[in-house]
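Listed here are the chains, written in short residue letters.
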Protein chains: 2
Amino acid sequence: MTRDAYVVGSGIIEFGERYGDSFDDLLEAAYLDLLGSVDGLAPEDIDAAWYGTIDIAGEGSSGSALAHATGLFETPITRVENACATGSDAFRNASLAVQAGAADVALVIGAEKMLDDTAGLIGSAALERLWRGRGVTMPAYFGMRATRHMAEYGTTRDQIAEVSVKNHANGVKYPYAHQQFECSVEDVRNSPTVSYPLNLYDCCPVTDGACAVLLASEERAREFTDAPVRHAGWGLSADSFQRGSDLALTNFPATRQAAERAYERAGITAADVDVAEVHDCFSITELITYEDLGFCADGEGGAFVERATLDGDTPVNPSGGLLSKGHPIGATGVAQVAEIFEQLRGEAGDVQVDAPAVGLQHNIGIGRNATGAVSCVNVLERT
Amino acid sequence: MTRDAYVVGSGIIEFGERYGDSFDDLLEAAYLDLLGSVDGLAPEDIDAAWYGTIDIAGEGSSGSALAHATGLFETPITRVENACATGSDAFRNASLAVQAGAADVALVIGAEKMLDDTAGLIGSAALERLWRGRGVTMPAYFGMRATRHMAEYGTTRDQIAEVSVKNHANGVKYPYAHQQFECSVEDVRNSPTVSYPLNLYDCCPVTDGACAVLLASEERAREFTDAPVRHAGWGLSADSFQRGSDLALTNFPATRQAAERAYERAGITAADVDVAEVHDCFSITELITYEDLGFCADGEGGAFVERATLDGDTPVNPSGGLLSKGHPIGATGVAQVAEIFEQLRGEAGDVQVDAPAVGLQHNIGIGRNATGAVSCVNVLERT
């Protein structure tokens, strides 16, 4: 009854320490890169926009912030915030509007100026007061998952480190990545301890960045490209420390639910996924996510890492992932969508994998001031 | 090609100083009131939710906060923030998802705990730094509009005060209103000066509150009610101090754009609107909004007030508006939708107007840390 939405373009800027740019500058630069990348796109083509940020810099809480940065006044702009799934959920909402016929051409922009943390969100407010007061910072939250996975399944410290090794190897080939260096398992293990077993190189950096993608209806998509990418399915779900389902600590129930629904909507199974950009805020997160997404059986995430390389069965995080590229929260999911878009079109440059037809994008986030984990999964298909 | 979305239920709690309730308590109470109000509704019926808050209390930044408060884990929940249009834009996004077929039954909840302003947003961060440093607080911003309207059109101080008089007269009859007292023009003029010409009773109070509405597809709507209300049209737009279009200061271009689009989508004109809930954060805002929505010609807002009473041609703010009911930001737009829903069903009790067929809901907001004004208009129709 409804129609499909297609990704038809993307715009991105280098992720990194961008002290010289204001929040508006980041939004504007990603938008201008999109305008310059999509043949025939003019600002008047954009019917509506969805804008993702958790507003770390305290400069962009409402849709009008994007209007100011881009000149898109008179355009309906919704700001979406959903923890680390902010960008992917902004993409989902824009796609639903295209599917509903409320927009023929929709803009998605995600941005975060993490290094101007005027609100002090990263350091002090990242988890609910109940947990923060008990020492459950982000690295501790994910560190507990790692030790539990090691105890339950015999996952080794080296297998966890291999995720960082792989993603940094990819990141040096990806032009927009923040932390571009190769590292060995030894390097990861010798980097400073953050929260056992996680060392510094197991953790994503603090990074500024922005990214834009353009969605269009089937009728309009061909105006902009011969190779539109279909948004085939999505899932969005939540879970929590405070529910029995999450007490195993060896997986993220929210990801499992989101993936199941995304696969069902897309009419695929995990085996059909040819390339994935997943949420590796910490190395252990990616390892667990292999299992949650069904790429391997429970407990086999540690062994799966070697199959997730650029030339593996199921390449994961060709862009370098959050570990190398960085994690400017509102931008992260949008940049993952942009990378899958490039991969499916065969335009991913030095990190191109072998002729993928189906790509997956995934975020998991811990709600600021909540103990719930939100997860969003989007499936994209080559046309 | 797409389908319509229908409002089929609402839930609300008393607006006021709710120091005894946590933010979660507000969300839970509105949700439970909805569950209790809609025959046959069970939590399992809810396919997805949109949740509006600007998170003044710093307790609910992501969708998982709503899952925690309501138990709606595994439900896709998006948080929307869009300044004072947060609630109405959350409603719009939920409706688009129903229209897209992504949800058959969708929940919208808006909530704000204004009196626990842990982030200090109301006092210090309400306007962009550029303007705040020049004394442009919210009352100053709207006060300038008032003096300009008086100078341009001969609007009188008493006409502006009449808006407060009317809305307080309505609010004493509306069971969920915060500031329930009648006042005269003299009372308004004798209340303490805030920012000339606005006195205390020209300003909405600082209020805690929450409200929920339920949307459904046509197929599902009849399961819940014999009198669903159709979401007939919407408009969302932005404008800014920094654009020429807003320099007249006698109107809000964003409202004009949003209204024009909402009317076009609904296939109506301003003359078709039988009842409206509009954004009266200050008395002058409602007066200007009459003109922006096309209820009267430019410059005639002052004279229109007497036609906006409960028994007037076009009753405006039967619920008492923000001036009497209060303005818990995320909840405000949702509560306006809920009131229009009740009005169109003839269930508005002591504030019921005479058999309305078409209702309008309107917010305008000044983006926090932006000088842009965002406006959202939704049109609802009796079926």
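Bear in mind that the values here come from a model prediction, so they are computed numbers and not experimental data.

**A word on the overall build of chain A**
No. 1: In terms of regular secondary structure, chain A is built from 14 helices and eleven strands.
No. 2: In terms of C-alpha radius of gyration, chain A reaches 19 Å, essentially the compact-globule figure of 21 Å for 383 residues.
No. 3: The principal-axis extents of the C-alpha atoms in chain A amount to approximately 55 × 45 × 40 Å.
No. 4: For chain A, the residues scored as buried account for 68% of the 383 residues in total.

**Here's the deal with the pattern of salt bridges**
No. 1: For the coordinates displayed, the defined rule picks out 42 salt bridges over all chains.
No. 2: For A:E223, the salt bridge is made with A:R220, and the minimal N-O distance between the two is 2.6 Å. Taken together, the residues span about one helical turn, with A:E223 and A:R220 both in helix 9 (residues 218-224) at a distance of three residues.
No. 3: Taken together, the shared-partner salt bridges in this structure form one network comprising A:R79, A:E81, B:R79 and B:E81.

**Regarding the relation of the copies chain B and chain A**
No. 1: Least-squares fitting of chain B to chain A yields an RMSD of 0.0 Å, with the transformation described by 0.0 Å of translation along the axis and a rotation of 180 degrees. On this basis, the relationship between the two copies can be described by a two-fold rotation axis. Distance from the rotation axis, computed per C-alpha, reaches its smallest value in chain B at B:A100: 1.9 Å.

**Some details on the confidence of the model for chain A**
No. 1: Confidence along chain A averages 93 in pLDDT terms, with 94% of residues attaining 70 or more.
No. 2: Interface scoring of the predicted complex returns ipTM 0.94; its pTM is 0.96.

**Considering helix 14 (residues 329-345) of chain B**
No. 1: Given a rise of 1.5 Å per residue, 17 residues ought to cover 24 Å, and the 25 Å separating the end C-alpha atoms of helix 14 of chain B matches this to within 8%.
No. 2: Summarising burial for helix 14 of chain B: 15 of the 17 residues are buried, a large majority.

**Topic: the interface of chain B and chain A**
No. 1: Across the contact, 54 residues belong to chain B and 53 residues belong to chain A.
No. 2: Interface area, chain B with chain A, both sides summed: about 4,200 Å², of which 49% is carbon and sulfur.
No. 3: Here chain B is connected to chain A by two salt bridges.
No. 4: B:R79 is the partner of A:E81 in a salt bridge, and the nearest nitrogen-oxygen pair spans 2.7 Å.
No. 5: The interface formed by chain B and chain A holds 20 residue pairs in polar contact (both at pLDDT 80 or more) in total.

**Things to note about the packing of helix 3 (residues 86-100) of chain A against helix 3 (residues 86-100) of chain B**
No. 1: Look at helix 3 of chain A against helix 3 of chain B: their axes get within 8 Å of each other, and the N-to-C directions meet at 50 degrees. Taken together, the axes of helix 3 of chain A and helix 3 of chain B are oblique relative to one another. Handedness of the crossing formed by helix 3 of chain A with helix 3 of chain B: left-handed. Facing A:N93, A:L96, A:A97, A:Q99 and A:A100 of helix 3 of chain A, the residues of helix 3 of chain B in contact are B:N93, B:L96, B:A97, B:Q99 and B:A100.
No. 2: Among the residues making up the contact of helix 3 of chain A with helix 3 of chain B, the classes are represented as six nonpolar, four polar and no charged.

**Focus on the packing of aromatic side chains**
No. 1: Evaluation of the coordinates by the stated rule reveals 14 aromatic pairs over all chains.
No. 2: Here the aromatic rings of B:Y174 and B:Y176 are separated by 5.6 Å at their centres, their planes lie at 70 degrees, and the arrangement is edge-to-face.
No. 3: On the accessibility criterion, B:Y174 (5% relative accessible area) is buried.
No. 4: Owing to a relative accessible area of 27%, B:Y176 belongs among the partly exposed residues under this scheme.
No. 5: Put simply, the rings of A:Y141, A:F142, A:F252 and A:F282 touch in pairs and so form one group of aromatic residues.
No. 6: In this structure, A:R265 packs its charged tip against the face of A:W234, placed 3.7 Å from the ring centre.
No. 7: Just above the ring of B:W234 sits the side chain of B:R92; from NZ or CZ to the centre is 4.2 Å.

**Concerning the UniProt feature "domain: Thiolase C-terminal" (unreviewed entry) in chain A**
No. 1: Mapped onto the present numbering, the UniProt feature "domain: Thiolase C-terminal" (unreviewed entry) falls on residues 249-366 of chain A.
No. 2: The distance separating the terminal C-alpha atoms of residues 249-366 of chain A is 14 Å; by composition the span is 42% helix and 10% strand.

**So, the side chain of A:K325**
Residues and elements named next belong to chain A.
No. 1: Note that K325 resides in helix 13 (residues 321-325).
No. 2: Since its relative accessible area comes to 2%, K325 is described here as buried.
No. 3: Polar contacts involving the side chain of K325 include one to the side chain of S319, which spans 3.0 Å.
No. 4: In this view, K325 contacts F15, Y174, Y176, A177, H178, T207, E277, S319, G320, A335 and Q336; residues no more than four positions away in its chain are not counted.

**Observations concerning the packing of helix 3 of chain B against helix 14 of chain B**
All names here are of chain B.
No. 1: Packing of helix 3 against helix 14 brings their axes to within 5 Å, and their N-to-C directions diverge by 60 degrees. In terms of their interaxial angle, helix 3 and helix 14 are classed as oblique. On the side of helix 3, the interface is formed by T86, G87, S88 and F91, while helix 14 contributes I329, G330, G333, V334 and V337.
No. 2: Split into classes, the residues belonging to the contact of helix 3 with helix 14 amount to four nonpolar, five polar and no charged.

**Digging into the pairing of strand 4 (residues 105-113) of chain A**
Residue and element names in this part refer to chain A.
No. 1: Counted residue by residue, strand 4 has nine buried out of nine residues, so it is predominantly covered.
No. 2: Neither face of strand 4 is exposed, since V105, L107, I109, A111 and K113 on one face and A106, V108, G110 and E112 on the opposite face are all buried.
No. 3: Here five bridges tie strand 2 (residues 48-52) to strand 4, and the two strands are oriented parallel to one another. Looking at strand 4, one finds that W50 is bridged to V108.
No. 4: Sheet analysis places strand 4 next to strand 7 (residues 208-217), joined by nine bridges and oriented antiparallel. Across the sheet, the residue bridging to K113 is D208, located in strand 7.

**Observations regarding unusual backbone geometry**
Residues and elements named next belong to chain A.
No. 1: Here the residue pair Y196 and P197 is connected by a cis peptide bond, since its omega of 5 degrees sits within 30 degrees of zero.
No. 2: As for its placement among the helices and strands, P197 is situated in the loop between strand 5 (193-195) and strand 6 (198-199).
No. 3: One non-glycine residue with positive phi stands out, namely D55, at about 60 degrees.
No. 4: Mapping D55 onto the fold places it in the loop between strand 2 and helix 2 (63-70).
No. 5: The exposure class of D55 is buried, given its relative accessible area of 6%.
No. 6: Backbone geometry places A355, a non-glycine residue, at a positive phi of 45 degrees.
No. 7: Of note, A355 is situated in the loop between helix 14 (329-345) and strand 10 (358-366).

Thresholds applied
Residues numbered from 1 in each chain as written. Chains lettered and ligands numbered in written order. Predicted model: local features only at pLDDT ≥ 70, side-chain atom pairs only at ≥ 80, totals over all residues. Heavy atoms only, no water. Helix = DSSP H or I, 4+ residues; strand = E, 2+ residues; numbered from the N terminus. Rg over C-alpha atoms; globule rule 2.2 N^0.38 Å. Buried < 20%, exposed > 50% of the residue type's maximum accessible area, 1.4 Å probe, protein only. Salt bridge = Lys/Arg side-chain N within 4 Å of Asp/Glu carboxyl O. Least-squares fit on C-alpha atoms with pLDDT ≥ 70 in both. pLDDT = per-residue confidence, 0-100. Expected span 1.5 Å × (residues − 1). Contact = heavy atoms within 4.5 Å. Buried area = accessible area lost by both parts, 1.4 Å probe. Polar contact = N/O pair within 3.5 Å; in protein donor to acceptor, adjacent residues only side chain to side chain. Axes fitted to C-alpha atoms, helices over the stretch in contact; angles between N-to-C directions. Parallel < 35°, antiparallel > 145°, perpendicular 65-115°, else oblique. Left-handed = near helix turned anticlockwise from the far one by under 90°. Nonpolar A, V, L, I, M, F, W, Y, C, P; charged D, E, K, R; others polar. Phe/Tyr/Trp six-rings, centres within 6.5 Å; stacked < 30°, edge-to-face > 60°. Lys NZ or Arg CZ within 6 Å of the ring centre and 35° of its normal. UniProt positions renumbered as here; feature names shortened; annotations may be inferred. Pairing = 2+ DSSP bridges.

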